[in-house]
Amino acid sequence: MDTIIGCLCSAVPSFQQIFSFLASHVHAEYIYKFDDNLDDLKTACEDLKAKITDLEGRVNAEEFKGQRRKDEVVRWLLKAKKAVEETSVLVATASPIGERLSTHGFCSTNPISAYSCGRMIPKKLAKVSELISEKICEELTRQSTLAKVVEQPTEQTVGLDTKLDSAWSLLMEEGTRMLGLYGMGGVGKTTLLTRINNKFVEVDKFDVVIWVTVSKDVDIEKIQDDIGKRLRLCDDKWCKKDQTEKRSVIFDVLTHKKPKYVLLLDGLWKEVSLTKIGIPLRQGGNYKIVFTTRSKSVSGRMNPNEQKEVECLGEKEALDLLMQNAGRRDGLSGGMLDLSKEIAKQCHGLPLALEVVGKCLSSRTTEADWGEVLCTLGSHPAVLEGMKKEMFGVLKVSYDYLERGEKDAQSCFKYCALFSLASNITQDELVEYWIGEGIIDVSQGRRRAERIGNEIINTLVGASLLLKDERKVHMHNMIREMALWIANEVTDGKRFHVQTDDARLTEMPYVPDCQTVSKMSLMNNEIKSITNSSSQFTNLVTLFLQNNKLADLVGGFFCLLSNLVVLDLSRNTGITELPDDISKLVSLRYLNLLGTRIKNLGGLKHLILLIHLNLESTSYVRSLRIISGLDKLQVLRFYGSAPLDRSLLESLETFQALELLTITVRDVDALESFLGSKKIRSCTQGLFLDRLQISGRSFAATFGELDSLSKLEMIECDIIETETTGINRYSPSTSASQITPSNTWFRNLSAVVLISCEHLKDVTWLIYAANLESLSIRVSHKMEELISEEKARDDVRVEPFKKLQVLDLDYLGELASIYWSPLSFPCLQKVHITNCPKLRKLPLDSTSVKKIDDLVIEMDDGWEDRIEWENGAKERFCRHTASDS
């Protein structure tokens, strides 16, 4: 073949002319040095790959110590990886050409292709060589928000130190990779795991500690999401991945970046496959896994290296815990001491039971009272198998001994079981349900009913039957199970049926003996339709269907529900129409349609017993005239719904029972009419102003006097005020008599949202809002400062934001100041500041926030390096700062 090709070449003069041209041309070296250049490029590419690998290894190691790679490193890695990719393509193209040139000479290939490819090789080589020689900054990373441990709050405990020392000793043994903690509900497993979590703060052997609360049905993807959030893997791409893809990402990160990690899994109800999650269980790996479960068999199936039972308290510890919760730290003697010992024994050393019964004893002072409690404890037979029944019998003592109108308090307690375990419901919402249901009598005035409701909540919290956080309440999981145990027993022919989050229903459930169900909660599921067959619940009084995927409401469903009093359909965005048969709900008093896409209110005009109607965030509703006949309404919410007009205002003024309003205003005349109606102003708690021009008067004076106003939102509103003196100025008066702690303007305002409000340069009037909890200001391009020092200079005694929990600022191009000096912020939980390029200082110093571990700060990438920090503030706050690039 070589001979044939050689002959052809010598026989064709044109080939010789081409090669003569190339030989004499300055670029002939692209072909003559083709092989040498290609070999140099391959070598350089391997060198670049090695540098990338080394650099990423160093960066990954730093990232798992809580650092974040610098932008310069990110930029170089992107360029380098792109260069490697382009080089690989070029090498793949050039290699066959080089082989033909080496084997057969120039005549063996297309000289133009060889020349073109040969010309590209030196250029790519130069680029790769430049990247190899480029000097990277010595410090590859900077401080990030990936804290090693997220500390969890714990309460004072009795008898847990010994358990903690024992569990910790087992866990820290060299051969222990997985530790299982098992024990009955309420024994303190979660508290022990919390203490273990917090103890890792003192240990430098691990890079990250990951806490995951496992749901009852073991949702693998939820566990993956919790791990992904902790490892900062969650982004737009993550959300689109399925379970298998997320598993691969987690496995890749934990395998190749090789962090030293601790995984804490709280509350396993059944075996969970760590492999399916993506956890690499490699021999000799630098990791620890701890899980808690109620079941010893579940613990065994997880194959831990060690497992330990979390036992109930011993006799002495149990008595100490009982006395602590009974408020008898100074001890007892005689008959009371004997009774306390017997009561502690009846609690079986169960911490949760001891706490609950102890709280029950705290309000009883005589020996006879304690003897009665002991008799009640002993009267609960173990009808159900196992300790669970005995525990519920113990916990039920507190329920049996509820103070004030036992029936009301007990009914309210059972009502709380309708909400899902994770629900944090505000006190006000809970009391509204109770009033709507008729559990709390409202005939003597709504204010009195609200007061009674809050007293009942305080009673339940005091009895450890409810947990309270600020103005929100929820149930401990064991207390909720006890409440369901009580509520599911048929009493007077009635019972509850509850299937919330974990049930994952897609259709209405089959419920045997459904005529006995008086209250049903199916909230937080994926139910898409209600069928006629579901209408056998003829004695149903309460129905929770909020936060499902309902779209099809079959009219026949409502026909037989003439006893229904409370109906919650909120947050079902698929609902656009209500069937005409909703008019058959003749007993309905409470209806919640918040967050639906309902367009008209049709059959609501027949629901003449309604006292509570929630239409908030129903932006598709065009008119509320249909409600003019609902004159028994006490609560009407249409914040973010159809706007107020004169006709509606006139109707509302005739409603004698109306006491709470949230409204939407989109017309200046309607706003003037609203401000001129003393009755409507006095009961308005929420005000949504949309695309209005407010001018010619003092904003603070106009809206500050709305005594009931709790939430204010303004979207695309032009606020143009006259620059007069005193109280009629745009901002608070410079007179010290106007800005004082006793000033009553905005006294109930808790949430403010301002979006695209032109001409607004400051919100100094917020200095009055002593109870402000949430402030969000977005896209206000002329906003220069939040609180003006000049306008508030005459009374610096008034420190704003004492109760602020959330501060959200975005796209405020001219904002240069929040406040001119550091503030205390005792309640601050979250700060989100983005796209505010002129803001260089935060009103924070080293003492500003008490609960620093609860604070999250989200800012633009690199912001914490550019900000001007007060003394000691940078070290205190930077580790709580997240980028929002």
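Being a predicted model, the structure only gives us computed values, none of them experimental.

1. Description of the packing of aromatic side chains
Next up, step 1: Under the criterion given, the structure shown has 15 aromatic pairs.
Next up, step 2: With a centroid separation of 6.1 Å and an interplanar angle of 75°, the aromatic rings of Tyr 415 and Phe 544 are classed as edge-to-face. Residue Tyr 415 is located in helix H19 (residues 406-416), and its partner Phe 544 is located in strand S14 (residues 542-544); the two are separated by 129 residues in the primary sequence. Pair check on accessibility: Tyr 415 and Phe 544 agree, each one buried.
Next up, step 3: What links up through ring pairs into an aromatic cluster is the set Tyr 415, Phe 419, Tyr 433, Phe 544 and Tyr 590.
Next up, step 4: The ring of Tyr 287 carries the charged tip of Arg 177 above its face, separated from the ring centre by 5.9 Å.
Next up, step 5: A cation over an aromatic ring shows up here: Lys 199 above the ring of Trp 168, its NZ or CZ 5.4 Å from the ring centre.

2. Quick look at the sheet that holds strand S9 (residues 467-469)
Next up, step 1: Read across the open sheet, the 3 strands follow the order S8-S10-S9; overall the sheet is antiparallel. In the strand order of this sheet, the two ends are held by strand S8 (425-426) and S9, each with one partner.

3. Some thoughts on the sheet that holds strand S5 (residues 261-268)
As a general point, the strands of a sheet are linked pairwise by backbone hydrogen bonds and lie either parallel or antiparallel.
Next up, step 1: Taken in spatial order, the 5 strands make up an open sheet running S4-S5-S6-S3-S7, and their pairing is parallel. Looking at which strands have only one partner, the edges of the open sheet turn out to be strand S4 (208-213) and strand S7 (306-309). When the angles between neighbouring strand axes are averaged without regard to direction, this sheet yields 15°.
Next up, step 2: Both S4 and S5 contribute to a ladder of 6 bridges, which runs parallel. Bridging across to S5, Val 208 finds its partner in Tyr 261.
Next up, step 3: Contacts between helix H7 (residues 160-172) and the sheet are confined to strand S3 (178-182), strand S6 (287-293) and S7, with S7 contributing the most and set at about 170° to the helix.

4. A short note on unusual backbone geometry
Next up, step 1: In this structure, Arg 232 is a non-glycine residue whose phi angle is positive, near 60°.
Next up, step 2: Looking at where Arg 232 falls in the secondary structure, it is placed in the loop between helix H9 (220-230) and helix H10 (236-240).
Next up, step 3: Since its relative accessible area comes to 38%, Arg 232 is described here as partly exposed.
Next up, step 4: Despite not being glycine, Ser 617 shows a phi value in the positive range, around 55°.
Next up, step 5: Looking at the element boundaries, Ser 617 is found in the loop between strand S18 (612-614) and strand S19 (635-637).

5. Describing the pairing of strand S27 (residues 806-810)
Next up, step 1: Here S27 lies mainly inside the structure; 4 of its 5 residues are buried.
Next up, step 2: Of the pairings in the sheet, the one linking S27 to strand S28 (residues 830-834) comprises 5 bridges and is parallel in character. Bridge pairing in S28 links Leu 807 to Val 831.

6. Examining the nonpolar core
Next up, step 1: With 121 residues, the main nonpolar core has Leu 689 and Trp 765 as its most contacted residues.
Next up, step 2: Not counting residues within four places of it along the chain, the set of residues in contact with Leu 689 comprises Val 665, Leu 671, Ile 694, Phe 703, Leu 712, Glu 713, Met 714, Ile 715 and Cys 717.
Next up, step 3: In terms of nonpolar packing, the next biggest core, distinct from the first, is built from 100 residues, Leu 339, Ala 409, Cys 416 and Tyr 590 among them.

7. A look at the pattern of salt bridges
Any two side chains of opposite charge can pair if their charged atoms end up close together.
Next up, step 1: Scanning all chains against the criterion turns up 33 salt bridges.
Next up, step 2: The salt bridge involving Asp 225 is made with Lys 246; its shortest N-O contact spans 2.9 Å. Here the residue Asp 225 occupies a position in helix H9, and Lys 246 occupies one in helix H11 (residues 243-256), the gap between them amounting to 21 residues.
Next up, step 3: Taking the relative accessible area as the measure of exposure, Lys 246 reaches 3% and is therefore buried.
Next up, step 4: Asp 762 is the salt-bridge partner of Lys 791, the closest N and O atoms lying 2.6 Å from each other. Of this pair, Lys 791 sits in the loop between strand S26 (774-778) and S27 while Asp 762 sits in the loop between strand S25 (751-755) and S26, placing them 29 residues apart in sequence. The exposure classification of Lys 791 matches that of Asp 762, with both residues buried.
Next up, step 5: Several salt bridges converge on common partners, so that one network encompasses Glu 432, Arg 446, Arg 447 and Glu 450.

About the criteria used
Residues numbered from 1 in each chain as written. Predicted model: local features only at pLDDT ≥ 70, side-chain atom pairs only at ≥ 80, totals over all residues. Heavy atoms only, no water. Phe/Tyr/Trp six-rings, centres within 6.5 Å; stacked < 30°, edge-to-face > 60°. Helix = DSSP H or I, 4+ residues; strand = E, 2+ residues; numbered from the N terminus. Buried < 20%, exposed > 50% of the residue type's maximum accessible area, 1.4 Å probe, protein only. Lys NZ or Arg CZ within 6 Å of the ring centre and 35° of its normal. Pairing = 2+ DSSP bridges. Axes fitted to C-alpha atoms, helices over the stretch in contact; angles between N-to-C directions. Contact = heavy atoms within 4.5 Å. Core = buried A, V, L, I, M, F, W, Y, C linked by side-chain atoms within 4.5 Å. Salt bridge = Lys/Arg side-chain N within 4 Å of Asp/Glu carboxyl O.

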